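Examining the three-dimensional arrangement
Each chain is listed here by its residues.
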Amino acid sequence: MTLTMTPNQILRSYNAARELSQLVLPYKAARSVVRLKRKLEDEFHTIAGMEDALLQEFSGKKDQNGRFQFPDNETAEAFLEKYNSAMEEPADIQFDRVDLSRYSDMIKISPASIDALDGIVVFEGLGDGR
């Protein structure tokens, strides 16, 4: 299946998949989650590469706490404008849908993660009233 996602959505989905990957699931379901996490991890690395290229373009760097640093405020503002625009640029991503509906009663996951994985992971069967 193909989904159109922005880098911001991919990052949220990647973090949610990391949360989901901590759950103990039956083997086939667990393998599906691992494949999803790896796919999102590949996309995460692509986004990190884009971020590094922008930092280099604007002579910036990232400190140990993940904050951006630039030689001056004008450069920082120009970077942030281009970075924020890039983070909202949609792209088509290929995913295999992960169906965990059979295990919904045993899954404990945050609402934010459910939202981030909406359309990728099926947590409930259709018409089950949950």
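Our structure is the block above this text.
Please read all numbers here as calculations on a predicted model, not as lab measurements. (Residues numbered from 1 in each chain as written. Predicted model: local features only at pLDDT ≥ 70, side-chain atom pairs only at ≥ 80, totals over all residues. Heavy atoms only, no water.)

1. Quick word on the environment of Asp-99
Looking at where Asp-99 falls in the secondary structure, it is placed in strand S5 (residues 98–99). The spacing of Asp-99 and Phe-123 is 24 residues in sequence and 6.7 Å in space, taken between C-alpha atoms. A distance of 2.6 Å separates the side chain of Asp-99 from the side chain of Ser-101, its partner in a polar contact. (Helix = DSSP H or I, 4+ residues; strand = E, 2+ residues; numbered from the N terminus. Polar contact = N/O pair within 3.5 Å; in protein donor to acceptor, adjacent residues only side chain to side chain.)

2. Here we look at the packing of aromatic side chains
For any pair of aromatic rings, geometry is given as the distance between the ring centres together with the angle between the planes. Inspection of the entire model under this criterion finds seven aromatic pairs. When the centroid spacing of 5.5 Å and the interplanar angle of 70° are considered together, the rings of Phe-68 and Tyr-83 count as edge-to-face. Here Phe-68 is found in strand S3 (residues 68–69), whereas its partner Tyr-83 is found in helix H3 (residues 73–87), with 15 residues between them in sequence. What makes Tyr-83 buried here is its relative accessible area of 13%. (Phe/Tyr/Trp six-rings, centres within 6.5 Å; stacked < 30°, edge-to-face > 60°. Buried < 20%, exposed > 50% of the residue type's maximum accessible area, 1.4 Å probe, protein only.)

3. Some words on the nonpolar core
Counting 32 residues, the largest nonpolar core has Leu-20, Leu-36, Leu-100, Val-121 and Phe-123 as its most contacted members. Elements represented by at least two residues in this core include exactly helix H1 (7–20), helix H2 (27–57) and H3. It is H2 that provides the largest number of residues to this core, a total of seven residues. The residues contacting Leu-36, other than those within four sequence positions of it, are Phe-95, Val-98, Leu-117, Ile-120 and Val-121. (Core = buried A, V, L, I, M, F, W, Y, C linked by side-chain atoms within 4.5 Å. Contact = heavy atoms within 4.5 Å.)

4. Thoughts on the packing of H2 against H3
Viewed as axis vectors pointing N to C, H2 and H3 meet at an angle of 160°, and their least axial separation amounts to 10 Å. When the axis of H2 is compared with that of H3, the two are roughly antiparallel. As for how H2 packs across H3, the hand of that crossing is right-handed. Contact with H2, carried on its side by Ile-47, Met-50, Glu-51, Leu-54, Leu-55 and Glu-57, involves Phe-79, Lys-82, Tyr-83, Ala-86 and Met-87 of H3 and no other residues of that element. Looking at the contact of H2 with H3, its residues break down into eight nonpolar, no polar and three charged. (Axes fitted to C-alpha atoms, helices over the stretch in contact; angles between N-to-C directions. Parallel < 35°, antiparallel > 145°, perpendicular 65-115°, else oblique. Left-handed = near helix turned anticlockwise from the far one by under 90°. Nonpolar A, V, L, I, M, F, W, Y, C, P; charged D, E, K, R; others polar.)

5. Looking at H1
Along its 14 residues, H1 runs 19 Å from first to last C-alpha, staying within 8% of the 20 Å computed at 1.5 Å per residue. Along H1, the residues classified as buried are Pro-7, Ile-10, Ser-13, Tyr-14, Ala-16, Ala-17 and Leu-20. In this fold, the buried residues of H1 make contact with strand S1 (2–5), H2, H3, strand S4 (91–94), helix H4 (111–116) and strand S6 (121–122). (Expected span 1.5 Å × (residues − 1).)

6. Focus: the pattern of salt bridges
Following the criterion strictly, the structure yields four salt bridges and no others. Across the pair Glu-51 and Lys-62 runs a salt bridge, and its minimum N-O distance is 2.6 Å. Within this pair, whereas Glu-51 is found in helix H2, its partner Lys-62 is found in strand S2 (residues 61–62), the two being separated by 11 residues in sequence. Of the charged contacts in the structure, one is a salt bridge between Arg-67 and Asp-63, with a shortest N-O distance of 3.1 Å. (Salt bridge = Lys/Arg side-chain N within 4 Å of Asp/Glu carboxyl O.)

7. Some thoughts on the packing of H1 against H2
Running from N to C, H1 and H2 cross one another at 140°; their axes reach a closest spacing of 9 Å. Seen along the crossing, H1 lies across H2 with a hand that is left-handed. For the pair H1 and H2, contact is made by Pro-7, Ile-10, Leu-11, Ser-13, Tyr-14, Ala-17, Arg-18 and Leu-20 and by Val-33, Lys-37, Leu-40, Glu-41, Glu-43, Phe-44 and Ile-47, respectively. By residue class, the composition of the contact of H1 with H2 is 10 nonpolar, one polar and four charged.

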